[in-house]
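Chain by chain, the residues run as shown.
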Amino acid sequence: MFQGASSLSLDAKGRLSMPTRHRDVLAATAENRLTITRHPHGCLMIFPRPEWETFRERIAQLPMSAQWWKRIFLGNAMDVELDGTGRVLVSPELRAAAGIEKDVMLLGMGNNFELWDKATYEAKEAEAMRGDMPDAFKDFSF
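Worth saying up front: this structure is predicted, and the values here are computed from it rather than measured.

A. Highlighting the environment of Ala-77. Tracing the backbone shows Ala-77 in the loop between α3 (67-75) and β5 (78-81). What makes Ala-77 partly exposed here is its relative accessible area of 26%. Excluding anything up to four places from it in sequence, Ala-77 contacts Thr-35, Ile-36, Thr-37 and Trp-52.

Structure representation (structure tokens):
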């Protein structure tokens, strides 16, 4: 399970240095193989390859009425590997799709990660914090 937020910067070539706390898990469970694709909320999703394969199968089974979502998820997916220093290349196409230039937020979301442009993430988080909590949390105690 991946969790937590990391404020990071992409290097000049568009590489993301994966936080050390996640590297051992990615090496053990995914042999450092990842898949990056678009998320409908404007960020990128980064999956360890076994988790991606499960997600990909679920997407592939969607009906024709969801063809555009198949295109968004599957058509934009890029397979990558962590290099020897724990970096992964985020393609120019995916960076542009998510408005990512340099400063990013990497969020552990359970079985995958979200990669956000830092300013976009901070603005959306602030907006969410100003709003009402969704009904899905009605049984939670805070």
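B. Layout of helix α5 (residues 118-130). Counted at 1.5 Å a residue, the expected span for α5 with its 13 residues is 18 Å, and the 18 Å between its end C-alpha atoms agrees. Sitting at the amino-terminal end of α5 is Asp-117, which places a side-chain oxygen 3.4 Å from the backbone nitrogen of Ala-119.

C. Local environment of the UniProt feature "domain: SpoVT-AbrB" (unreviewed entry) in the protein chain. Feature annotation in UniProt places "domain: SpoVT-AbrB" (unreviewed entry) on residues 5-51 and 77-120, given in this structure's numbering. The span residues 5-51 shows a helical share of 30% and a strand share of 40%, and its end C-alpha atoms are spaced 20 Å apart. For the annotated span residues 77-120, helix accounts for 20% and strand for 45% of the residues, and the straight-line distance between the end C-alpha atoms is 22 Å.

D. Summary view of the pattern of salt bridges. Applying the stated criterion to the full structure yields 5 salt bridges. Among the ionic pairs, Arg-33 bridges to Glu-31, the shortest N-O distance being 3.7 Å. Under the relative-accessibility criterion, Arg-33 is labelled partly exposed at 27%. Residue Glu-31 is classed as exposed on the basis of its relative accessible area of 57%. Salt bridges sharing common partners tie together Asp-11, Arg-15, Asp-83 and Arg-87.

E. Structural detail: the sheet that holds strand β7 (residues 103-110). The sheet built from 6 strands is open, its strands ordered β1-β7-β8-β4-β3-β5 with antiparallel pairing. Looking at which strands have only one partner, the edges of the open sheet turn out to be β1 (2-9) and β5. Across the sheet, the mean angle separating the axes of adjacent strands is 25° when strand polarity is ignored. Relative to β5, strand β3 (residues 33-38) runs antiparallel, the two sharing 4 bridges. Within β5, the position partnered with Ile-36 by the bridge is Met-78. Each of β1, β3, β4 (44-48) and β8 (113-117) touches helix α1 (residues 20-30); the most contacted strand, β1, lies at about 120° to it. In this fold α5 packs onto β1, β7 and β8, with an angle of close to 100° to the strand it touches most, β8.

Parameters at a glance
- Residues numbered from 1 in each chain as written.
- Predicted model: local features only at pLDDT ≥ 70, side-chain atom pairs only at ≥ 80, totals over all residues.
- Heavy atoms only, no water.
- Helix = DSSP H or I, 4+ residues; strand = E, 2+ residues; numbered from the N terminus.
- Buried < 20%, exposed > 50% of the residue type's maximum accessible area, 1.4 Å probe, protein only.
- Contact = heavy atoms within 4.5 Å.
- Expected span 1.5 Å × (residues − 1).
- Polar contact = N/O pair within 3.5 Å; in protein donor to acceptor, adjacent residues only side chain to side chain.
- UniProt positions renumbered as here; feature names shortened; annotations may be inferred.
- Salt bridge = Lys/Arg side-chain N within 4 Å of Asp/Glu carboxyl O.
- Pairing = 2+ DSSP bridges.
- Axes fitted to C-alpha atoms, helices over the stretch in contact; angles between N-to-C directions.

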